[in-house]
Amino acid sequence: MNSPEDMKLVTLANATLTRSGAQQAAALRDNTGRTYVAINVKSPALQLDAFEAVLTVALASGISGIESVVACGEQPVNIAAIKEFSPSATVFYINGAGEEVQL
């Protein structure tokens, strides 16, 4: 990940993870440059991983495409939610050692 814009997503996801104390956090940049962040959601009635949650927030704002998504903490499992909406989106995971994994 060499893009300064993608590094901003890493910073946002890490800050959200630290601030929230959640297991996962994700940051998404849409095709207009707007960014969104979310954490995983666990309740008796609703379970969303961070990818699903950040996609939900972005879709509720009316996005039409995704450039990039980054997750930190535990690896979210539903990458399909992102790729089905925007097949060309780059999707990264930053593991506990700070290493980048492209999904």
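Residues numbered from 1 in each chain as written. Predicted model: local features only at pLDDT ≥ 70, side-chain atom pairs only at ≥ 80, totals over all residues. Heavy atoms only, no water.

## Remarks on the nonpolar core
Counting 19 residues, the largest nonpolar core has Leu28, Phe51, Val54, Ile66, Val69 and Ile82 as the members making the most contacts within it. Of all the elements in the fold, those that place two or more residues in this core are strand E1 (24-30), strand E2 (35-39), helix H2 (50-60), strand E5 (66-73), helix H3 (79-85) and strand E6 (90-94). Looking at which element gives the most residues to this core, the answer is H2, with six residues. Setting aside chain neighbours within four positions, we find Ile82 in contact with Leu28, Phe51, Leu55, Ile66, Val69, Ala89 and Val91. (Core = buried A, V, L, I, M, F, W, Y, C linked by side-chain atoms within 4.5 Å. Buried < 20%, exposed > 50% of the residue type's maximum accessible area, 1.4 Å probe, protein only. Helix = DSSP H or I, 4+ residues; strand = E, 2+ residues; numbered from the N terminus. Contact = heavy atoms within 4.5 Å.)

## Quick notes on the environment of Phe92
Assignment of secondary structure puts Phe92 in strand E6. For Phe92, a relative accessible area of 5% translates into the label buried. Through-space distance from the C-alpha of Phe92 to that of Met7 is 11 Å; in sequence the pair is 85 residues apart.

## Overview of helix H1 (residues 4-20)
For H1, which comprises 17 residues, the first-to-last C-alpha distance of 24 Å matches the rise-based estimate of 24 Å (1.5 Å per residue) to within 8%. Asp6, Leu9, Val10, Ala13, Thr16 and Leu17 are the residues of H1 that are buried. Along the axis of H1, the buried residues cluster in a sector spanning 135°; they form a single face. H1 presents Pro4, Thr11, Thr18 and Arg19 as exposed residues on the side facing more than 90 degrees away from its buried surface. Tucked inside the fold, the buried residues of H1 contact E1, E2, E5 and E6. (Expected span 1.5 Å × (residues − 1). Arc of directions from axis to C-beta.)

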